[in-house]
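# What the coordinates show
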Amino acid sequence: MVTTVFKSDVALALESETSQVKRRVGIMGGTFNPIHNGHLIMAEQVRSQLGLDEILFIPNNIPPHIDTKTAIDGSMRAKLIELAIKDNANFELERIELNKGGVSYSIDTIIELKRQHPDTQYYFIIGGDEVAYLPKWHRIDELITMITFVAVKRNGFEQHSKYPVIWVDTPLIEISSTDIRQRIIQQRSIRYLVPVKVAEYIVKNGLYQDERH
């Protein structure tokens, strides 16, 4: 089920967009430290329910958070994404933020993607818990004129924002990268939490073996 909220004209705007562009592409951005099955389920459900042509997974270089996360090298995070999405022709890894370097701001990424692909409409996928933080996003008022936000509903979080958002129902999968890292440190199983190839790469390369990551 897909629901639009806040402004009754959001659906009309989306209909207008689809009639004017050739491609409709979703964006999954984040640190992906590491990517897990929750990310993949969210991406596939949004792609399917909104009829998107493709989902781009864009690992950031340095997240623009005050509480900066310590992550493994971006090339390894990208490799894990590559392994995770290999069997889905509708998923693609985009290294634009890693190649750019520095702090990764979504507005800069979207401007560059729009420059490269002016005929594409982008749908930025976030968790329902992230919607409340949209006012703090860098140049948010400019960003919302360039993309459509899609929020995945989460229990305990209101479907409310002053910005236009499409809300999507997906299976509630409580998996987090933080929990996965802790399980690895504690030598507990991460089977079924991440794709098999991702787990194998993590073990083979000794990733996430201490508290620093």
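These figures come from a predicted structure and were not determined experimentally.

A few words now on the overall build of the protein. A tally of helices and strands in the protein yields eight helices and seven strands. Buried residues in the protein amount to 46% of all 213 residues. Here the contacts in the protein between residues at least 6 apart in sequence split such that 73% fall between residues at least 24 apart. A total accessible area of about 11,400 Å² is found for the protein, and carbon and sulfur atoms account for 48% of it.

Turning next to the side chain of Asn-37. Take Asn-37: it is sitting in helix H2 (residues 37-50). Discounting chain neighbours no more than four positions away, the residues touching Asn-37 are Ile-175, Tyr-192, Leu-193, Val-194 and Pro-195.

The topology assignment puts Asn-88 in the loop between helix H3 (74-85) and strand S4 (91-93). By relative accessible area, which is 17% here, Asn-88 ends up buried. Side-chain polar atoms of Asn-88 contact the backbone nitrogen of Asn-90, separated by 2.8 Å.

Procedures and definitions
- Residues numbered from 1 in each chain as written.
- Predicted model: local features only at pLDDT ≥ 70, side-chain atom pairs only at ≥ 80, totals over all residues.
- Heavy atoms only, no water.
- Helix = DSSP H or I, 4+ residues; strand = E, 2+ residues; numbered from the N terminus.
- Buried < 20%, exposed > 50% of the residue type's maximum accessible area, 1.4 Å probe, protein only.
- Contact = heavy atoms within 4.5 Å.
- Areas by Shrake-Rupley, 256 points an atom, 1.4 Å probe, with all protein chains shown as cover.
- Polar contact = N/O pair within 3.5 Å; in protein donor to acceptor, adjacent residues only side chain to side chain.

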